[in-house]
Amino acid sequence: MTDTKLLTYLENIISDERKQRFLDILEDRTNQITVAVEDVFQMHNTSAVVRSCDAFGVQTAHLIESKYSERLDKNIAMGAQQWVSTPRYNTTTDCIDTLRKDGYKIIATSPHTDSYLLDDFVIDDKIALFFGTERSGLSQEVLDKADGFVKIPMVGFSESLNISVSAAILLQSLTARLKKSATNWQLTEAEKLEVRLEWTKNSIKSIDEILERYYKEN
């Protein structure tokens, strides 16, 4: 549960303009669609996916780092890591189990024989889009456990797109479609409070010292 007293305390430190900006952006945020990035080797690709999440209002990007750790490049993400929640996992199994527990369908982005083309893909539940490595794609575990598959239609000689490009195309299309639907896609009030607190913390310099003082006084 979010500490609303702490949130109020910290929001008194930031400007009214920034506080209102947070409230406005939160109205376009969703957890109905989330992404999971599995062991991407190139750091800039993971960072670009996180940036796309921010741009299209997807609040959470799950990062599986069983092979490669710390896959975020702050220069590529251009600050998006401050605004997108990025839970990390040591194994694909942990990530899938967590998402299933939270009610997500696992959707593999893959040119699988059972894949739906993007335009034909129906969002009928909470979905987690899994993106794999540049070299070999998604692991067999994800393919075996997936509830569905989606792919981007292509008409050229290239058989695949860079992971960050794929993520941007899929997220733009699916979030636009989601927001036109009757689905209750917005964050819950509890989620909004949690994100507001995190964003406010990320906006304050010397936040560790400020928090230490707050807890001493309270």
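In this report, we go over the structure that sits alongside the text. Each chain has its residues counted from 1, following the order in which its sequence is written. Thresholds applied to this predicted model are a pLDDT of at least 70 for local features of residues and 80 or more for the giving and counting of side-chain atom pairs; totals over whole chains, interfaces and linings are not thresholded and use all residues. Working from all heavy atoms in the structure, the side-chain values ignore hydrogens and water.

1. Thoughts on the pattern of salt bridges
In step 1: Salt bridge, as applied in this entry: a Lys or Arg side-chain nitrogen positioned within 4 Å of an Asp or Glu carboxyl oxygen. Applying the stated rule across the entire model yields 10 salt bridges.
In step 2: Note that Arg-29 and Asp-54 form a salt bridge whose closest N and O atoms lie 2.6 Å from each other. Here Arg-29 is found in the loop between helix 2 (16-26) and strand 1 (33-38), whereas its partner Asp-54 is found in helix 3 (residues 43-55), with 25 residues between them in sequence.
In step 3: The class of Asp-54 is partly exposed, set by a relative accessible area of 24%.
In step 4: With a shortest N-O distance of 2.9 Å, Asp-147 and Arg-100 are connected by a salt bridge. One end of the pair, Asp-147, is in the loop between helix 6 (140-145) and strand 7 (148-151); the other, Arg-100, is in helix 5 (residues 92-101), with 47 residues separating them in the sequence. The way it works is that DSSP assigns letters per residue, a run of H or I at least four long becomes a helix, a run of E at least two long becomes a strand, and they are numbered from the N terminus. Each residue is assigned to one of three classes by its accessible area relative to the maximum for its type, calculated with a 1.4 Å probe on protein chains only: buried under 20%, partly exposed between the two thresholds, exposed over 50%.

2. Comments concerning the packing of helix 2 against helix 8 (residues 189-202)
In step 1: Under this scheme, a helix contributes an axis fitted over its contacting stretch, all axes are lines through C-alpha atoms, and angles between N-to-C directions fall in the 0 to 180 degree range. The geometry of helix 2 relative to helix 8 is characterised by a closest axis approach of 11 Å and an angle of 140 degrees between their N-to-C directions. Here helix 8 runs oblique to helix 2, going by the angle between their axes. Relative to helix 8, helix 2 is oriented so that their crossing is right-handed. Across from Phe-22, Leu-23, Ile-25 and Leu-26 in helix 2, the residues of helix 8 making contact are Lys-192, Val-195, Arg-196, Trp-199 and Thr-200.
In step 2: Residues are grouped as follows: Ala, Val, Leu, Ile, Met, Phe, Trp, Tyr, Cys and Pro are nonpolar; Asp, Glu, Lys and Arg are charged; all remaining types, including Gly, are polar. Here the residues of the contact of helix 2 with helix 8 are counted per class, giving six nonpolar, one polar and two charged. Roughly parallel means an angle under 35 degrees; roughly antiparallel means over 145; roughly perpendicular covers 65 to 115; every other angle is labelled oblique. Throughout, a crossing is termed right-handed when the near helix is turned clockwise from the far one, and left-handed when it is turned anticlockwise from it by less than a right angle. Working rule for contacts: check all heavy atoms of both residues, and any pair within 4.5 Å makes them a contact.

3. Side note on helix 9 (residues 207-217)
In step 1: Considered for burial, the residues of helix 9 that qualify are Ile-207, Ile-210, Leu-211 and Tyr-214. Here the buried residues of helix 9 occupy an arc of 95 degrees about the axis, which is enough to place them on one side. Facing away from the buried side of helix 9 by more than 90 degrees, the exposed set consists of Asp-208 and Lys-216.
In step 2: Buried residues in helix 9 make contact with helix 1 (4-11) and helix 8. The directions from the helix axis to the C-beta atoms form the arc being described.

4. Let's talk about the sheet that holds strand 3 (residues 88-89)
In step 1: DSSP calls a pair of strands paired once it identifies at least 2 bridges connecting them. On the basis of which strands lie adjacent, the open sheet formed by seven strands has the order 3-2-1-6-4-7-5 and parallel pairing. Bordering the open sheet on either side are strand 3 and strand 5 (116-117), each of which pairs with just one other strand.
In step 2: Alignment of strand 5 against strand 7, held across two bridges, turns out to be parallel. Within strand 7, the position partnered with Leu-117 by the bridge is Lys-151.
In step 3: Contacts between helix 7 (residues 163-179) and the sheet are confined to strand 1, strand 4 (105-109), strand 6 (127-131) and strand 7, with strand 6 contributing the most and set at about 165 degrees to the helix.

5. Regarding the pairing of strand 2 (residues 61-64)
In step 1: What you see with strand 2 is no split at all: Ala-61 and Leu-63 on one side and His-62 and Ile-64 on the other are buried throughout.
In step 2: Pairing analysis gives two bridges linking strand 2 to strand 3, with the strands arranged parallel. Each residue of the ladder has a partner; that of Ile-64, found in strand 3, is Tyr-89.

Coordinates in, geometry out; function isn't part of it.
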